[in-house]
Amino acid sequence: MSDFKTLKSGRKQRSFVPQTAQAFSTDSPTVADLKDGSAEPQRTEDTVSQTKTLETVSYEGLFSVIPQSLEIKESTETGRGLYSRTIFKPGDILFSVKPHVAALSTSHLDGYCSSCFGEGDSSSLKRCTGCKTVMYCSPECQQRDWSLHKNECTALQQWFKAASAERSDGQEVRPPSDALRCLGRILWKRQKLGASNTWSKEFDNMQSHRSSLSKDAGSFNSEVHTQLAHGVVGYLGLTSPEQLEPYGIHSAADLVDLVSRFTTNTFTVTTPTLSPLGACVAPSVALINHSCDPNAVIVFPRAESKDVEPLLQVIALKHIQPGEEILTSYIDTTLPRELRQQSLKETYHFTCRCPVCAPAPGAPVDMREAMWCPKKCGGLCVLPTEQDSFTRCAKCGAVVKDTDAVLDALRIGQEALEKAERVQDSDPKKALQLTENLGQILISAGLVPGAHPLLALTRLQTSLLISKLSSPADPDVDMEVEEVFSPQVQQDAGGTPASVAAEAQKEKQNALDDAIRAATRAKTGLSQVLVYGHPVRGVAAAELGKLLAVDEPAPPQPNLDVNDKLNTPMPHYNSPAYPPRGPKRLKLALEVLVEAWKELVVGFGGGRNEGGVVGRSVRDAIVGVEKELGVWKEGLRNVMQDAAAQQKKGVKAGK
C-alpha cells in the first residue's frame, strides 16, 4: 500500500485537517473518548488454533475479483493474506481491480478528470456547473461518476457556503481534502446499497485498528482520526455523529472503525510516472500483507480504456511459487530500518520482521545504511549511529575512525532533507541549494549512493533540476523563439551577439549536464536498494535516458578523432568527463532507455500492458534515438569517404 502523498511512506507529509476544522465544537469527543466502553470484536486471525499456522479462508460471495490463481489464507503470526496457487514470473499481472471509491487530491482537481483520473487542460476538461469544483473529460465520464457526485456536488456547495461565511480574511476557500471526499463517497454509497450489500461487507471486512489507537488525545494518530471523524460529519452537512445512522454508523465505535479502516487501508492513486494523484480504497488488494522486500507491487499503469480507469493492478516483481504469500510494501522501502519501523508502527500498528528488517547472521550490509570502506578496498561499513558509533569494513576489517564527522554529516543531511522538502514548492532555488550542498557533504563522508539521506536528497535534487530545465526563468519568455540581444545587453555581458548567445547556450548545457549527473546518481542509488524491475527504478532509468537523449544546447564540434568513436569506453559517472558528449551520449541514452524499458515491463506489467504509459513512451524514445544514431553514423561515413577522396586527390595532384 501507499499513502496520500504517499499515505504509506510518511504520515506526517499529509495533513488530514479539514479546511473548516475550527467550525466544529472544541468539546467534541476525542478518539480515546469514542473508544470508551466499546471493545473491538476479536478478528478471526487472532483466534486461529495455535496448532495450525496457516489455513485457507472462504468469504462466501466476497472478493470475487480475486482470481482462481490466488487464495486467501490466515495465520496466527500475520493474520489474513493472499497466497499464490500457481507460478508467477516478474512482470505478470496477478490481478486488476477498479477501486471501491477514489478521490483526486485538492491540487489535482483542476488538471484531471474526477472519473477516469485522466490528465487534461482547460480545453479538454469541463467543470461541473453545480459545485464548480470537479472536472470531467467527457460526458461519458461525468455520467459514470454521477451516482456518487450527485450527493458530493451538494455537499461541496454547502462546504464552500459555510466556509465562506466563517472566513473574514478574504482568502480563497479550498475544497475539502481527498480524505474527506473519499470518506463522503464511501458513506453515500453505503447509504444507497445498504449494509448487507457485498460492496459494504467488503469494506467492513477491512482491518480496523481501533483497539490499537493511542489513548493519548494529543498523539499524531489520535489527532488525525479525531479530525477526520469530526470533518466527515461536517462535510455531510450534519451537526453530530448521531445523525450518521442512515449511513450505517450506529455508534461512536462504528465511526472510529470507519476512519481506522480508511486510514489503514487507503492506497495512493498515482500518475503513470508514480506522482501522487489522490486516494482510493480497494478492499481485495488491502488483504495483501507487507514486506520491506516485496515480491509484488501495486501500480496504476493506465494501460486500459478510460471507462475502467483508474485501474489498480498488482504486478509480480519476483518469481513466485505456489503456496508463497503475495507481499507488497506499505511504505517507502528506500528508507533505513528505523524510519521504516517508525512509519509502520504509527500507521499500521505492527513491527516488521522481514529479511530486510531482521537480517540473518552474516547477511550483506544493507545499502540503505552503508558507507564505503575508509581504506577504499571496495568493501562496505554499516553507518554509525548515536547508540553504536563503532563500525568497520565488512570486507577488510578497517575501522572507521572519525565517526563523529559521519554522524554530524548524517544529522545535518537529514535536517537539510526535511527543510528542502518543506520549501521545494515555495522556494525551489533554496531547496536545490540544500540538496546540492548537503549531497556533496554526505558523499565526502563516504556514504554509498543508496544510503539515507543521500539517496533522498539526490532524488529531490534531480526532480528540481528537471523542473528547472523545463521551466524558463521568465514565464513570459517563449523558449522556441530565438533570442535577440540589445546593444546594452551585449555591453553589460562584455561581448558580441555571438559570444553572448554562446554563453547562454553554455549555461543551458551545464544545466542539462547537472540534471544528467544527478539523475545518474539517483538511478545508481535506487539500483542498490530496490529489486530489479521495481517501477521506481524503471521510472528513474527512463528519466535518465530521456535526459541523455535531449539535444545538446551547445553540441561539440564534429571531428574524426578516435575518442569520439562509439566504441570507446564510457566515462564513469563520477568522472569529470561525464556525461559524454555527441554521439557517445546518444549511445549511452540508447543503452539506458533499453534498460529502462526492460524494467518497466516488469514493474508496470508485460503483455498487453507493455510497461504502461511510461513503457510505451520509452519504446518510442528508443526508436527515435536509434534513428538519430543511424543518421550520425551515415553522416560520419560520408565525411570519412569525402576526407579519403580529398586526400587521394591531393596525392594525385602532388604527382
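Look a little higher up for the structure.
Everything numeric here is computed off the predicted structure, so don't read it as measured data.

A. A look at the overall build of the chain. Tallying secondary structure elements over the chain gives 15 helices and 15 strands in all. Sorting the 655 residues of the chain into buried and exposed places 48% on the buried side. Here the contacts in the chain between residues at least 6 apart in sequence split such that 67% fall between residues at least 24 apart. Total accessible area on the chain stands at roughly 31900 Å², and carbon and sulfur atoms take up 52% of it.

B. Examining the nonpolar core more closely. Core analysis: the largest hydrophobic core is formed by 79 residues, its most contacted members being Leu94, Val285 and Leu312. For this core, the leading source of residues is helix H2 (residues 139–166), giving eight residues. Counting 50 residues, the second-largest nonpolar core is a separate cluster that includes Cys373, Ala451, Ile516 and Leu547.

C. Examining the environment of Asp388 more closely. Mapped onto the secondary structure, Asp388 falls in the loop between strand E15 (380–382) and helix H8 (403–423). According to the relative accessible area criterion, Asp388 is partly exposed, its value standing at 47%. Here Phe390 takes part through its backbone nitrogen, which lies 3.4 Å from a polar atom of the side chain of Asp388.

D. A look at the packing of H2 against helix H3 (residues 178–193). Viewed as axis vectors pointing N to C, H2 and H3 meet at an angle of 125°, and their least axial separation amounts to 10 Å. Judged by the angle between their axes, H2 and H3 are oblique. Two packed elements cross with a definite hand, and for H2 against H3 that hand is right-handed. Contacts from Asp145, Ser147, Leu148, His149, Asn151, Glu152, Ala155, Leu156 and Trp159 of H2 reach H3 at Leu180, Arg181, Arg185, Trp188, Lys189 and Lys192. When the residues that make up the contact of H2 with H3 are grouped by side-chain class, the tally is six nonpolar, three polar and six charged.

E. Broad picture of the packing of helix H10 (residues 454–470) against helix H13 (residues 535–549). The geometry of H10 relative to H13 is characterised by a closest axis approach of 13 Å and an angle of 40° between their N-to-C directions. Between H10 and H13, the interaxial angle falls into the category oblique. Along this stretch, H10 crosses H13, giving a crossing that reads as left-handed. Residue-level inspection shows Arg459, Thr462, Ile466 and Leu469 of H10 in contact with H13, the latter providing Val536, Glu543 and Leu547. Split by residue class, the contact of H10 with H13 holds four nonpolar, one polar and two charged.

F. Local environment of the packing of aromatic side chains. Going through the model one piece at a time under the given rule, you end up with six aromatic pairs. Judged by centre distance (5.5 Å) and plane angle (85°), the ring pair of Tyr59 and Phe63 falls under edge-to-face. In terms of burial, Tyr59 and Phe63 fall into one category: buried. Seen in terms of ring centroids, Trp159 and Tyr235 are 6.0 Å apart; in terms of plane orientation they differ by 80°. Their pairing is edge-to-face. Residue Trp159 is located in helix H2, and its partner Tyr235 is located in helix H5 (residues 220–235); the two are separated by 76 residues in the primary sequence. Here the aromatic residues Trp159, Trp188 and Tyr235 are joined through ring pairs into a cluster of three or more. Over the aromatic face of Tyr83 sits the side chain of Lys73, whose NZ or CZ is 5.7 Å from the ring centroid.

G. Region of the structure containing the sheet that holds strand E4 (residues 93–97). Taken in spatial order, the three strands make up an open sheet running E4-E12-E11, and their pairing is antiparallel. The open sheet has two edge strands, E4 and strand E11 (296–299), and neither has a second partner. Adjacent strand axes in the sheet meet at a mean angle of 15°, parallel and antiparallel pairs treated alike. Of the pairings in the sheet, the one linking E4 to strand E12 (residues 312–316) comprises four bridges and is antiparallel in character. If you follow Val97 over to E12, its bridge partner there is Leu312.

H. Molecular detail of H10. Taking 1.5 Å per residue, 17 residues should reach 24 Å; H10 reaches 24 Å between its end C-alpha atoms and fits that length. For H10, the full list of buried residues reads Leu454, Leu455, Leu457, Thr458, Leu460, Gln461, Thr462, Leu464 and Leu465.

I. Quick peek at the state of the cysteines. Under the definition given, this model contains zero disulfides. Summary of cysteine pairing: Cys352 is not part of a disulfide, and the nearest cysteine sulfur, belonging to Cys354, is at 3.5 Å. On the basis of relative accessible area, Cys352 is assigned to the buried category, the value being 5%. Of the cysteine sulfurs around Cys396, a residue in no disulfide, the closest is that of Cys373, at 3.5 Å. Residue Cys396 is classed as partly exposed on the basis of its relative accessible area of 43%.

J. Highlighting the side chain of Ser200. For Ser200, the location among the structural elements is in helix H4 (residues 198–204). Once residues lying within four places of it in the same chain are set aside, the contact partners of Ser200 are Arg190, Leu193, Gly194 and Ala195.

K. The sheet that holds strand E8 (residues 266–270), seen in detail. The three strands are arranged E5-E9-E8 in an open sheet whose pairing can be described as antiparallel. Only two strands of the sheet have a single partner each, and these edge strands are strand E5 (101–104) and E8. Direction aside, neighbouring strands of the sheet carry axes that sit 30° apart on average. Sheet strands touched by helix H6 (residues 252–265): E8 and strand E9 (276–281). Its angle to E8, the strand with the most contacts, is close to 45°.

Cut-offs and rules
- Residues numbered from 1 in each chain as written.
- Predicted model: local features only at pLDDT ≥ 70, side-chain atom pairs only at ≥ 80, totals over all residues.
- Heavy atoms only, no water.
- Helix = DSSP H or I, 4+ residues; strand = E, 2+ residues; numbered from the N terminus.
- Buried < 20%, exposed > 50% of the residue type's maximum accessible area, 1.4 Å probe, protein only.
- Contact = heavy atoms within 4.5 Å.
- Areas by Shrake-Rupley, 256 points an atom, 1.4 Å probe, with all protein chains shown as cover.
- Core = buried A, V, L, I, M, F, W, Y, C linked by side-chain atoms within 4.5 Å.
- Polar contact = N/O pair within 3.5 Å; in protein donor to acceptor, adjacent residues only side chain to side chain.
- Axes fitted to C-alpha atoms, helices over the stretch in contact; angles between N-to-C directions.
- Parallel < 35°, antiparallel > 145°, perpendicular 65-115°, else oblique.
- Left-handed = near helix turned anticlockwise from the far one by under 90°.
- Nonpolar A, V, L, I, M, F, W, Y, C, P; charged D, E, K, R; others polar.
- Phe/Tyr/Trp six-rings, centres within 6.5 Å; stacked < 30°, edge-to-face > 60°.
- Lys NZ or Arg CZ within 6 Å of the ring centre and 35° of its normal.
- Pairing = 2+ DSSP bridges.
- Expected span 1.5 Å × (residues − 1).
- Disulfide = S-S within 2.5 Å.

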